[in-house]
Each structure stands twice: as structure tokens, then as C-alpha cells.
Amino acid sequence: MLLSISDDDQSYFESSYSKTECIKVPAFHTDNKVSSVLGNGTYSLFHGSLNVSENDHSAQYLVEEIFNDIDYKLVIAGKNPSFKLQKLCAKKDNITLVNDLEWDELNTLIKNAHIHLMHASQKSGLKLKLLKALFLGRHVIANEDMANEKLISDHVVIANDTASWKKAIANLMNIPFDQEILSKRIRVMEEFKNEKIVGKIIEQLKQ
């Protein structure tokens, strides 16, 4: 039996190993239930390990191309930002760069943000930080390289170019995260709960 972690991996293994049972199971993660807070936040958030070049590149893109001429607040949080990213953020009054947060501090930032910005420059499977935002945060905007799982991509706002990112941010900042949205989120994320994943694996092992 092969356990794959994404739609793309599942398709690959099914076609390459046709005699092997291939089962897709999402990544295990830190949240046991959806605990998003109702209401409005005052900022958008991008978070990730900034010493990873892909994350630093995405953060620079958001600063230079998306928040270059809009006044909404952006918080960028992560470890070891590049000198270039620090300089870019220092030039903008509406952008805050937070370095080396403790885990509890990061969770608080995630929970209080109004929008989570999930940008990736290449496909690389299901991102844990995307799961984190969907379980703990409010609205999520992502490009297709980040939200490439069908179940998730149908329930986040997809933005693939500069204009669509700006439009999505402007729209969502005026939309409260209400009970209807929360209920829908809870239903969608049921498939990504750790106990559901474990149960799926156990059932396959019993066969």
C-alpha cells in the first residue's frame, strides 16, 4: 500500500504503480478542530520560515507588487528574513515584519488576522501553513500553486495575478467572517482532521 499526500502524488502513483493500492491521506498537523474567530480583523498575514527562499520570494512579491499602492495593513511573520525583505518592509508604514515569534505568538497572529495570504511560486504538495490558516484563521487567498488540492481550492479565494490579488484583498476586508462561513469551513475541513486521517489508514490496514 502506498500513502500519497496530495492529488498530484495520488495521480502519479496510481498511474506508475497500478498493482499497488494507492490511498491519499492529508498531512498530519497541529489543530484538532476549526477554531476560527468570528468577526473582523484589521490586517492581512503572510507567515512562513523566511530563510526558505520560496517564502522570502513570496513575501517580497506581496510587498513590492500587491501592497505597493494599497493602504491595507500587512503583517509578515517568520524566522530569518533576508536583508532585502527587511529593507522593503521598513519603507512601508502599513507593513510590519515580525521576526522569530514564539509558537503562541504566531498562533495569536494567525487567529486575529482578517485575511491569510498564501502565495507559492511552485507546486509542492499540501502546505501545512495552509491547513493552519484554514483551521485557525479567517479568510484565505491563495494562488493555484498553493491551493492545488481540489477540496481546498473550492473554498478559498484564488488569485493568480497582481490585479486579482488586490481585488480579493479589497473585497474580503469588507466581509466579516460570519457563522455561515465558519459552518462551511468546519464541514470542508472535516476530511483533514487528524483522527479522520488515522481512521482511514487503519481501515486500509484491516483489509
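Preceding this section is the structure that the text describes.
Remember, it's a predicted structure, so these values are computed and weren't measured experimentally.

**Remarks on the pairing of strand S3 (residues 43-47)**
Phase 1: With five of five residues buried, S3 lies mostly within the body of the structure.
Phase 2: Alternating positions in S3 separate into two faces, Tyr43, Leu45 and His47 on one and Ser44 and Phe46 on the other, with burial throughout.
Phase 3: Pairing geometry for S3 and strand S4 (residues 73-78), over five bridges, is parallel. Counterpart to His47 in the pairing with S4 is Ala77.
Phase 4: In this fold, the crossover linking S3 to S4 by way of helix H2 (residues 53-66) has right-handed handedness.
Phase 5: Pairing analysis gives two bridges linking S3 to strand S6 (residues 115-118), with the strands arranged parallel. Bridged to Leu45 within S6 is His116.

**Focus: the layout of surface pockets**
Phase 1: Of the voids in this model, the largest pocket is the one considered here, and its volume is about 520 Å³.
Phase 2: Surrounding the largest pocket, 23 residues form its lining, His47, Gly48, Ser49, Trp103 and Leu106 being those nearest its centre.
Phase 3: Counting residues per element, the ones that place at least two in the lining of the largest pocket are S4, helix H4 (103-112) and helix H5 (128-136).
Phase 4: The greatest single-element share of the lining of the largest pocket, amounting to five residues, is contributed by H5.

**Examining the side chain of Asn94**
Phase 1: Assignment of secondary structure puts Asn94 in the loop between helix H3 (83-90) and strand S5 (95-99).
Phase 2: Residue classification places Asn94 among the buried residues on the basis of a relative accessible area of 13%.
Phase 3: Within the structure, Asn94 has its side chain in polar contact with the backbone oxygen of Ile70 (distance 3.0 Å).
Phase 4: From its side chain, Asn94 meets the backbone oxygen of Tyr72 in a polar contact 2.8 Å long.
Phase 5: Once residues within four sequence positions are removed from consideration, Asn94 is found in contact with Phe67, Ile70, Asp71, Tyr72, Lys73 and Leu74.

Calculation criteria
- In this convention, every chain numbers its residues from 1, walking through the sequence in written order.
- Local features in a predicted model are, by the rule used here, given only for residues with pLDDT of at least 70; side-chain atom pairs are given and counted only at 80 or more, and totals for whole chains, interfaces and linings are based on all residues.
- Values shown for side chains rest on all heavy atoms present in the structure; no hydrogens or waters enter the calculation.
- For each residue, the accessible area found with a 1.4 Å probe, counting protein chains only, is set against the maximum for its type, and the residue is called buried under 20%, exposed over 50%, and partly exposed in between.
- Each helix is a run of H or I in the DSSP string that is no shorter than four residues. Each strand is a run of E no shorter than two, and both are numbered from the N terminus.
- At least two bridges found by DSSP between two strands are what make those strands a pair.
- By the criterion used throughout, a crossover qualifies as right-handed when its path from the first strand across the helix to the second strand runs clockwise, the strands pointing away from the viewer.
- A cavity here means a set of points on a 1 Å grid, drawn over the protein atoms and nothing else, where a 1.4 Å probe fits but cannot get out; a pocket is an open set with protein on both sides within 12 Å along at least five of seven lines, and a residue lines either one if it has an atom within 4 Å of a point.
- Grid points are joined across faces, edges and corners, and a volume is the space filled by probe spheres set on the points.
- By the criterion applied in these results, polar contacts are pairs of N or O atoms within 3.5 Å in which, for protein atoms, one can donate a hydrogen and the other can accept it, and in which residues neighboring in sequence qualify only through two side-chain atoms.
- Should any heavy atoms of two residues lie within 4.5 Å, those residues are considered in contact.

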